[in-house]
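Coordinate inspection notes
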Amino acid sequence: MSTLTTTRPAARTTARTRGAVTALARTEALRLLRHPAFLASVAAYLALWVYDLTLGADAQRYPVLQDSSRTGQPALLLIAVGVLLAADFGVLRGRRHGVEPVYAVLVLGRRARAAAHLLALLPAVALTAALAVARILQLAALPGAVGTIDWAEVATGPAAVLIAGVLGVLLARLSGSPATASLTVAGLAVLTFVAAVQNTSGWRWLTVVAIEDEFAQPLPSGLLARPAGWHLLWLAALSVGCAALALLRDEPNTAPGPQSRGTGALWTCAALAAVLAALAGTMQLRPVPDDVARARALATEHPAREQDCSTRGQVTYCAFPEFTGRIPQWDGVVRGILHRTPAPTADARYAVRQRLFHPGTQASSGQPLPQAAWDADDRRAHTPDAVPVGTWWSAGSAGADAESDAVAEFSTLFAYRTVTGAPPHQPRIDTVCGSRAVLTLWLAGQATDGTRAALHDLASRTTGGLSLLVLDSSTGLAFDARESTYALDLLDRPADDIGAKVRAAWTELTAPGTTTDRAATLLGVPAPPQVPADERTCR
């Protein structure tokens, strides 16, 4: 009987405490969701989202989902800041209003109130998760979307919000000053900026989000080698560890009983979290695995065996499986070019093959292509003289330079293929001269509205002519200023009129020795004045 009389009141007390913690957590959750810092952060995030949907980078219309899964993380840091500040201010509310001593008469101790503040973070984290999922699903629903959603990357944003909120509670318990939270936000902002600049370093994974080089080409998901799962475990372990420390802060634990048992459990959680954090941190710092490095080399030099191909009319398109959704966009450009050529050229066989070069880095700049390996690979796949195309794509508008330049690059390379009979193969930049230059650029620009916009955008950012590099390598095409200007001027003329004259004079226009002045005579449109000799490459 004595056992019953001592156990039941303890059980009732525990139940009342849990109920009080739950009730306080609901109240604090509502206060956090209504806090100006949180509301402002959500409003800023939604404003960025709306901007991307309406006026932002045109590449948003053609997302690569494995990249989009991570590129949404930095914007969610805005919400993380709001939650950190709101959680910190919530814990310090009693101190600010001078009623902290009154809390001593309540049924809830400081540890229980801290637990309620930690539980109050969950609705904000859930809202963040809903926003992250809605954003990636909205991108996945776009007609131009390709790739695979990486849910570990998507979950990183909500995990960042969770650890920010836990850190806010911990800081309030440790310092008792609201200035500490503001200084912590400033310090984390500086650390995140430095990590974004050092976006090829391994230590960036030990920050909240690991930002990649935005100028590196998108890759198939199997070639990324991003330890997103380990990073998610890292954030989760840090959140659990910080939460345990917040609950352990200045709570008496000398008396035996449920209180001391709870303290022991918290120390166990803190120790386990430290072990998991150390494990996850170590796994994140590993170099690119050997199997991924081999797969990257294989995809670079011998992509044919990794790709899926489809034939549309007389053109064969080959792409990595996750990028086959790009084929309709490529085919639109190809059809727009072939439509302006005479029957023998339009009916010839062509091939387009997606290429990678120095995947995952910017190291391709100025480096020679593995052209011999590509040619041998194409011969084995029965796609000789395949026109290369990368993994970037857009509608060609300004504001998405890398993606827009990829559209201009592909359309120009395919136009060059129809004019000369082969894509550029030499490990240098070939200058296209005279009528061939004019015809190549005009065919490329008039193919679609996107290619026209891409060429105009490229011209607005360059002087002295146009240069287009194949995957930013040492191989490419260059066009003098006179021919570039003339071709862009022709784009403002009715395409059907110019196209009829192009088909009628195709043989002469594509001959190597035909000059720009002769092309102007054949097309019936005056050419711009000749530039000084020291400003042109073609003589």
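See the structure printed just above.
Read on for a plain summary of the structure. Because the structure is a prediction, the values reported are computed rather than measured.

Time to look at the overall build of the protein chain. Across its full length, the protein chain carries 22 helices and 7 strands. The 539 residues of the protein chain split such that 50% are buried. Look at the contacts in the protein chain between residues 6 or more apart in sequence, and 77% of them connect residues 24 or more apart.

The next subject is helix α12 (residues 290–301). Helix length check: α12 (12 residues) gives 17 Å between terminal C-alpha atoms against 16 Å at 1.5 Å per residue, within 8%. Looking only at α12, the buried set comprises V292, R296, A299 and T300. Down the axis of α12, the smallest arc covering the buried residues is 100°, so these residues share one side. Facing away from the buried side of α12 by over 90 degrees, the exposed positions are D290 and R294. Among the structural elements, α15 (371–380) are those in contact with the buried residues of α12.

One pass over the structure, following the stated rule, counts 2 disulfides. Between the sulfur atoms of C309 and its disulfide mate C318 the distance is 2.0 Å. Residues C309 and C318 are joined through a disulfide that is right-handed, its torsion about the S-S bond being 110°. Residue classification places C309 among the partly exposed positions, given a relative accessible area of 46%. With a sulfur-sulfur separation of 1.8 Å, C433 is cross-linked through a disulfide to C538. Disulfide C433-C538: the torsion about the S-S bond is -85°, which places it as left-handed. Of this pair, C433 sits in the loop between β5 (429–432) and α17 (434–446) while C538 sits in the segment after α22 (516–523), placing them 105 residues apart in sequence. Described in terms of the sequence order of its bonded cysteines, the disulfide pattern of the protein chain is 1-2, 3-4.

The 4 strands are arranged β1-β2-β3-β4 in an open sheet whose pairing can be described as mixed. The sheet is open, and its two edges are formed by β1 (308–312) and β4 (387–389), each paired on a single side. Taken over all neighbouring pairs, the strand axes of this sheet differ in orientation by 20° on average, direction set aside.

Once that is clear, we can look at the packing of helix α4 (residues 73–91) against helix α7 (residues 121–140). Where α4 contacts α7, the axes come no closer than 11 Å and their chain directions differ by 170°. With respect to α7, the axis of α4 lies roughly antiparallel. Every residue of α7 that contacts α4 at L76, I79, V83 and A87 is listed here: L121, A124, T128, L131 and A132. Tallied by class, residues from the contact of α4 with α7 come to 8 nonpolar, 1 polar and no charged.

Before going further, it helps to spend a moment on the side chain of T440. If you trace the backbone, T440 turns up in helix α17. For T440, the contacting residues outside a window of four places in its chain are T412, A415, Y416, V419 and F479.

Spatially, 3 strands are ordered β5-β7-β6 in an open sheet, and the strand pairing comes out mixed. Unpaired on one side and paired on the other, β5 and β6 (466–469) mark the two borders of the sheet. Averaged over all pairs of adjacent strands, the angle between strand axes in this sheet comes to 20°, irrespective of strand direction. As judged from the 4 bridges shared by β5 and strand β7 (residues 476–479), these two strands associate in the parallel manner. Bridge pairing in β7 places V432 opposite F479.

About the criteria used
Residues numbered from 1 in each chain as written. Predicted model: local features only at pLDDT ≥ 70, side-chain atom pairs only at ≥ 80, totals over all residues. Heavy atoms only, no water. Helix = DSSP H or I, 4+ residues; strand = E, 2+ residues; numbered from the N terminus. Buried < 20%, exposed > 50% of the residue type's maximum accessible area, 1.4 Å probe, protein only. Contact = heavy atoms within 4.5 Å. Expected span 1.5 Å × (residues − 1). Arc of directions from axis to C-beta. Disulfide = S-S within 2.5 Å. Pairing = 2+ DSSP bridges. Axes fitted to C-alpha atoms, helices over the stretch in contact; angles between N-to-C directions. Parallel < 35°, antiparallel > 145°, perpendicular 65-115°, else oblique. Nonpolar A, V, L, I, M, F, W, Y, C, P; charged D, E, K, R; others polar.

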